[in-house]
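Chain by chain, the residues:
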Amino acid sequence: MGKRSRRRVKPEKVERMPFRARTFEGLPGECDLVALREFVPAATATVALRDDVASGRSVRFVTLLPSASAGLVRPDDEIWVGLQVQHNFGDVSRDLAAVVLKGLETEPGTEIVLTDPGVGERLQDIVDADSELEVDVQEGFDFWTAGVDDPTGDVAAAIEHANEIVSPTVRLEEVDAAYWTQLGERQFLRWVMPYDEDALLSALARLRAAGDDRLGDHVRLIGSFRAHGLLVPVWEMEQPTPAADLEGPAAAFATRLQEALADSTPLTSEQRGARNGLANRQITVR
């Protein structure tokens, strides 16, 4: 074999979407999209597309679709896009935008199958930034069959199975992207916040050191997790507490948090200790 034939052929470079820590930054309802993607069991959220993409068209994001599919075009021509899916080609926003764009060219009543979409438009490029994300938390997945024939009963069977794992969930009304849920006998509030992680952690530490991080006498801040570049503080109820009882305390906490975020003085030793404690109880989801 000659020297030339033994030379290694360099593989072609495949262009990839650049990494973005905050996947949904700049979109209407960024924090709610994170919640629906990561921990809300059953919900839908509708947002409008830009006129130059598809005038008058909207998209419905769904936490989970039958068979965890990427998307489908309903018989009424509405595009449904699954958020809790198994595929991830490196940029979730790009993946979801690719599903939407394929949906615009798909016949009604057809499932949308996604393969690696490569480099291209993200949700931020096709969603109307001035529209609102309208979130609707569901008790289960019975909405899957609304207006759809299911002659074989396959969808009904899938709904029955999916409903077995749905935890009761309520979105608070007085603040954004805060979700009460019951997991077994325990109750939690998970609140996605749009602030810089370091600044938010310091603000939470100031409140903890002052004893102002609770949402009532029996609702304590137990930690947080990261998802899509945002921090999600988590509170646990020490006794049964309906979601409605958290509305006022959550709104009051939001005011205290804004004051803490605006405080630029150096942390005291007590506050630094509180910050370290909160940081040690963080986990990263995505």
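Residues numbered from 1 in each chain as written. Predicted model: local features only at pLDDT ≥ 70, side-chain atom pairs only at ≥ 80, totals over all residues. Heavy atoms only, no water.

Caption draft 1: Inspection of the overall build of the protein at higher detail. Assigned secondary structure in the protein consists of 9 helices and 12 strands. The dimensions of the protein, computed from C-alpha atoms along their principal axes, are 65 × 65 × 40 Å. Counting every position in the protein, which comprises 286 residues, the buried fraction comes to 44%. Contacts in the protein between residues at least 24 apart in sequence constitute 65% of all its contacts with a sequence separation of at least 6. When the accessible surface of the protein is split by element, carbon and sulfur atoms take 47% of a total near 15200 Å². Charge separation in the protein, taken as the distance between the mean sites of 31 positive and 48 negative side-chain charges, equals 16 Å. (Helix = DSSP H or I, 4+ residues; strand = E, 2+ residues; numbered from the N terminus. Buried < 20%, exposed > 50% of the residue type's maximum accessible area, 1.4 Å probe, protein only. Contact = heavy atoms within 4.5 Å. Areas by Shrake-Rupley, 256 points an atom, 1.4 Å probe, with all protein chains shown as cover. Lys, Arg positive; Asp, Glu negative; His and termini not counted. Charge placed at Lys NZ, Arg CZ, Asp CG, Glu CD.)

Caption draft 2: The domain arrangement of the protein, seen in detail. Under the domain assignment, the protein is made up of domain 1 (30-166) and domain 2 (170-284). The straight-line distance from the C-alpha centre of domain 1 to that of domain 2 is 29 Å. Every contact between the two is made by 13 residues of domain 1 and, on the other side, 12 residues of domain 2. With both chains or domains summed, domain 1 and domain 2 bury close to 1100 Å², and 74% of this area falls on carbon and sulfur atoms. Its largest share of buried area at the contact with domain 2, domain 1 owes to C31, V34 and F39, together 52% of the area lost on that side. Linking domain 1 to domain 2 there are 1 salt bridge. Ionic pairing is found between R171 and D32, a salt bridge with its closest N-O pair at 2.9 Å. (Domains from an automatic or database assignment. Buried area = accessible area lost by both parts, 1.4 Å probe. Salt bridge = Lys/Arg side-chain N within 4 Å of Asp/Glu carboxyl O.)

Caption draft 3: Highlighting the packing of aromatic side chains. According to the stated counting rule, one finds 8 aromatic pairs in the structure shown. Centroid distance F39 to Y179: 6.1 Å. Interplanar angle 80°. Geometry classified as edge-to-face. Of the two residues, F39 is situated in the loop between α2 (30-38) and β1 (43-48) and Y179 in strand β8 (residues 178-183); the sequence distance between them amounts to 140 residues. When its relative accessible area of 11% is taken as the criterion, F39 is described as buried. A residue is classified by how much of its surface remains accessible, and Y179, at 1% relative accessible area, is buried. (Phe/Tyr/Trp six-rings, centres within 6.5 Å; stacked < 30°, edge-to-face > 60°.)

Caption draft 4: Summary view of the pattern of salt bridges. Throughout the structure, instances matching the rule amount to 17 salt bridges. Put simply, R22 and E30 hold a salt bridge, and the shortest N to O gap is 2.7 Å. A salt bridge links E236 to R186; the nearest nitrogen and oxygen atoms lie 2.8 Å apart. Placement of E236 in strand β11 (residues 230-237) and of R186 in strand β9 (residues 186-191) is noted, with a sequence separation of 50 residues between them. One continuous salt-bridge network, built from bridges that share partners, spans R186, R214, R220, E236 and E238.

Caption draft 5: Structural context of unusual backbone geometry. Here D77, not a glycine, exhibits a phi torsion of approximately 80°, which is positive. Counting through the fold element by element, D77 comes out in the loop between β3 (71-73) and β4 (79-82). Classification of D77 by relative accessible area gives partly exposed; the value is 31%. Phi angles above zero are rare outside glycine, and H228 is one such case at about 55°. Residue class for H228 comes out buried when judged on its relative accessible area of 5%.

Caption draft 6: How the structure looks around the side chain of T241. With respect to the helices and strands, the residue T241 is situated in the loop between β11 and α8 (247-262). Taking the relative accessible area as the measure of exposure, T241 reaches 10% and is therefore buried. At a separation of 2.9 Å, a polar atom in the side chain of T241 contacts the main-chain carbonyl oxygen of Q239. Contact partners of T241, with chain neighbours within four places excluded, come to W180, Q187 and L246. (Polar contact = N/O pair within 3.5 Å; in protein donor to acceptor, adjacent residues only side chain to side chain.)

Caption draft 7: Region of the structure containing the sheet that holds strand β6 (residues 134-137). Taking strand neighbours across the sheet as the criterion, the 6 strands line up as β5-β3-β4-β2-β1-β6 in an open arrangement whose pairing is mixed. Whereas interior strands pair on both sides, the edge strands pair on one side only; in this sheet they are β5 (110-112) and β6. For this sheet, the mean angle separating the axes of adjacent strands, direction not counted, is 20°. Of the pairings in the sheet, the one linking β1 to strand β2 (residues 58-62) comprises 5 bridges and is antiparallel in character. Across the sheet, A45 pairs through a bridge with F61, a residue of β2. Strands β1, β2 and β6 of the sheet are contacted by α2, whose axis makes an angle of about 145° with β1. (Pairing = 2+ DSSP bridges. Axes fitted to C-alpha atoms, helices over the stretch in contact; angles between N-to-C directions.)

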